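These are the residues of each chain, in order.
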Amino acid sequence: MPSALKNASLLLLARTLVRAQAALGDPGARLFGLDPTRDPYPDYERVRRRGTVVRSRMGVYLTADHALCRRLLRDPDYGVLPASTLAIADSTAEAGGRRLVNPVDESFLVRNPPDHTRLRRLVAPWFTPRGLRAQQETVERVVEAYLDEVGPTFDLVGDFAARVPIQVIADLLGVPGADHVAFARWGSAIVNALDGVRDMKEMRALHDALREFEAFLDDLIAHRRRHPGDDVVSALAIRDDLSRDDLIATTELLLVAGFETTVNLIGNAVLAVLGDPEVRDRLVADPAHAEAVIEETLRLDPPVQYTVRVPFRPVVLEGVDIPRGVPIVLVLAGANRDPAVFEDPHRFRPGRPDGHEHLAFSSGIHYCLGAGLARMEGAAALRGLFGRFPGLRAAGRVRRRPSRVIRGAARFPVTTGVEKVHPIVETIS
Ligand code: HEM
């Protein structure tokens, strides 16, 4: 059988089996096999109610227990999944005979020490409090510039939330303005593949995006070697202790990790605020409340719903035998609603005293490097939006992203409640 046809048949068979297991109530199959746009939180509750660690017939274990998730994220006896086990691993295989760098499998997000330590250290300086202060002004400026452009009714995601982080990361990496649109397209293509490629068409689209993105980065790296700036790519390009593939994977990781996550943080926060008049009034009256709103959004409806760890040796976890290397799905979004830690966990309550305990940015050595930047972007976006449009309200049905790892809106029509006032332009002849 030709390999494309064989791959397509295998994908179809796998999907059918997962759906059958989901129908039988298997917790892993429900998580990975059902409609990704549905509300997943009842399933997370079900996982926690079934036990601290739950076995799935999908060959994985799951936990939505806060204490256990936090413990495994910090335990050096557990690590991230090695390359080739993740869903988009096939992208490295073919693509015109040339091996492509797999931005997820090969970046330090999915590497264990000592490689993880070495690579993370190279980019960490851009994310220190000092590095962040340097970016505050850019973030505020970008928010205001995009708000200037929106009409009386606009798509909160496409016209605003998606534009802010892409501009911020592009600046950080030194990507020229003319390439921002393509840059955003590559980022989305790769993030969409995190859920697994569903058919050969999606696989080809992913290969095309990766091939274009790599060619672009090779050019950018060569350019920055000749004309260095104060951006991440310039700093990494002149190092002789960094391979070309590691440089590409690190750059791609920053785009993938920092783009759609932040888009969905902004979208999920606005969704929560518009659904809660009390929070909304407080935010309009006190822009400083934006930080608490962002923190509570991260807890209640986090953009990254789960991650995976594997034990480096066989373990017995809460009485359950888990062989070496078998994935344990840590449902971060479920842990964030664990009643053992959070009082009245399903309620949106910005400023709650236990709010900072959430695991939306993970924990341990892989704790999100961009957490401070994401918080800053999210709070600036809310301050800008509700400062300028206190009457902002939903203007149609929210369309959810068809993804499981990343949760948020794909389209979110809103209206500002004010007519667009065009400035009077005088022409001088
Ligand atoms: C709301 C926005 C964001 C969320 C919810 C988020 C969430 C996460 C999570 C859960 C992880 C760890 C995954 C694991 O432990 O397996 C992570 C890692 C990471 N994030 Fe974020 N992230 C966000 C924004 C950003 C931004 C803006 C950047 C940078 C521009 C960024 C860069 C990274 C990097 C580089 C890692 C890998 C860290 C490591 O492996 O050591 N993230 N993020």
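**A short note on the overall build of the chain**
When helices and strands are tallied, the chain shows 17 helices and twelve strands. Relative to its full complement of 429 residues, the chain shows a buried share of 52%. For the chain, the share of sequence-separated contacts (at least 6 apart) that also reach a separation of at least 24 residues comes to 71%. Summed over its atoms, the accessible surface of the chain is roughly 19900 Å², and 55% of this surface lies on carbon and sulfur atoms.

**Focus on the coordination of the iron atom of the ligand**
As a benchmark, a tetrahedral metal site with four donors has ideal angles of 109.5 degrees, while an octahedral site with six donors has ideal angles of 90 or 180 degrees. No other protein atom reaches the iron atom of the ligand as a donor apart from Cys368 (SG), found 2.3 Å away. Its location among the elements puts Cys368 in the loop between helix H16 (332-335) and helix H17 (371-388).

**What about the sheet that holds strand E8 (residues 328-330)?**
Here five strands make up an open sheet; going across it, the order is E1-E2-E8-E5-E3 and the pairing mixed. With partners counted over all chains shown, the strands left at the sheet margins are strand E1 (54-55) and strand E3 (78-79), one partner each. Of the strand pairs in this sheet, strand E5 (residues 307-311) and E8 are connected by three bridges, and their pairing is antiparallel. In the strand pairing of E8, Val308 is matched with Val329.

**Section: the packing of helix H8 (residues 163-173) against helix H9 (residues 180-192)**
Packed helices, taken two at a time, are described by the angle between their axes plus the distance between the axes. The contact between H8 and H9 brings their axes to 10 Å, and the two run at 105°. One finds that H8 runs roughly perpendicular with respect to H9. Contacts between H8 and H9 involve Ile166, Gln167, Ile169, Ala170 and Leu173 on the former and, on the latter, His180, Phe183 and Ala184. The class makeup of the residues in the contact of H8 with H9 is six nonpolar, two polar and no charged.

**With respect to the environment of Gly79**
Tracing the backbone through its elements, the reader meets Gly79 in strand E3. Separated by 246 residues in the primary sequence, Gly79 and Gly325 have C-alpha atoms spaced 9.0 Å apart. Once residues within four sequence positions are removed from consideration, Gly79 is found in contact with Asn112, Val308, Arg309, Val310 and Phe312.

**So, the layout of surface pockets**
By volume, the second largest pocket amounts to about 240 Å³. Together, Trp126, Gly131, Ala134, Gln135, Thr138, Val139, Val168, Asp171, Leu172, Asp230 and Asp231 line the second largest pocket. Sorting the residues of the lining of the second largest pocket by element identifies helix H6 (129-149) and H8 as the ones contributing at least two each. Take the lining of the second largest pocket: its biggest share by element is five residues, from H6.

**A short note on the site of the ligand**
In the vicinity of the ligand lie 26 residues, with His116, Thr307, Ser362, His366 and Cys368 positioned nearest. Within the side chain of Arg120, a nitrogen or oxygen atom sits 2.7 Å from an oxygen atom of the ligand. Here the shell around the ligand takes four residues from helix H12 (residues 244-258), the largest share from any one element. When grouped by side-chain class, the residues that make up the shell around the ligand number 16 nonpolar, eight polar and two charged.

Parameters at a glance
- Residues numbered from 1 in each chain as written.
- Predicted model: local features only at pLDDT ≥ 70, side-chain atom pairs only at ≥ 80, totals over all residues.
- Heavy atoms only, no water.
- Helix = DSSP H or I, 4+ residues; strand = E, 2+ residues; numbered from the N terminus.
- Buried < 20%, exposed > 50% of the residue type's maximum accessible area, 1.4 Å probe, protein only.
- Contact = heavy atoms within 4.5 Å.
- Areas by Shrake-Rupley, 256 points an atom, 1.4 Å probe, with all protein chains shown as cover.
- Donors = N, O, S within 2.8 Å, 3.2 Å for Na, K, Ca; no water.
- Pairing = 2+ DSSP bridges.
- Axes fitted to C-alpha atoms, helices over the stretch in contact; angles between N-to-C directions.
- Parallel < 35°, antiparallel > 145°, perpendicular 65-115°, else oblique.
- Nonpolar A, V, L, I, M, F, W, Y, C, P; charged D, E, K, R; others polar.
- 1 Å grid on protein atoms, 1.4 Å probe; cavity = no way out; pocket = protein on both sides within 12 Å on 5 of 7 lines; lining within 4 Å.
- Points joined across faces, edges and corners; volume = space filled by probe spheres on them.
- Near = heavy atom within 4 Å.
- Polar contact = N/O pair within 3.5 Å; in protein donor to acceptor, adjacent residues only side chain to side chain.

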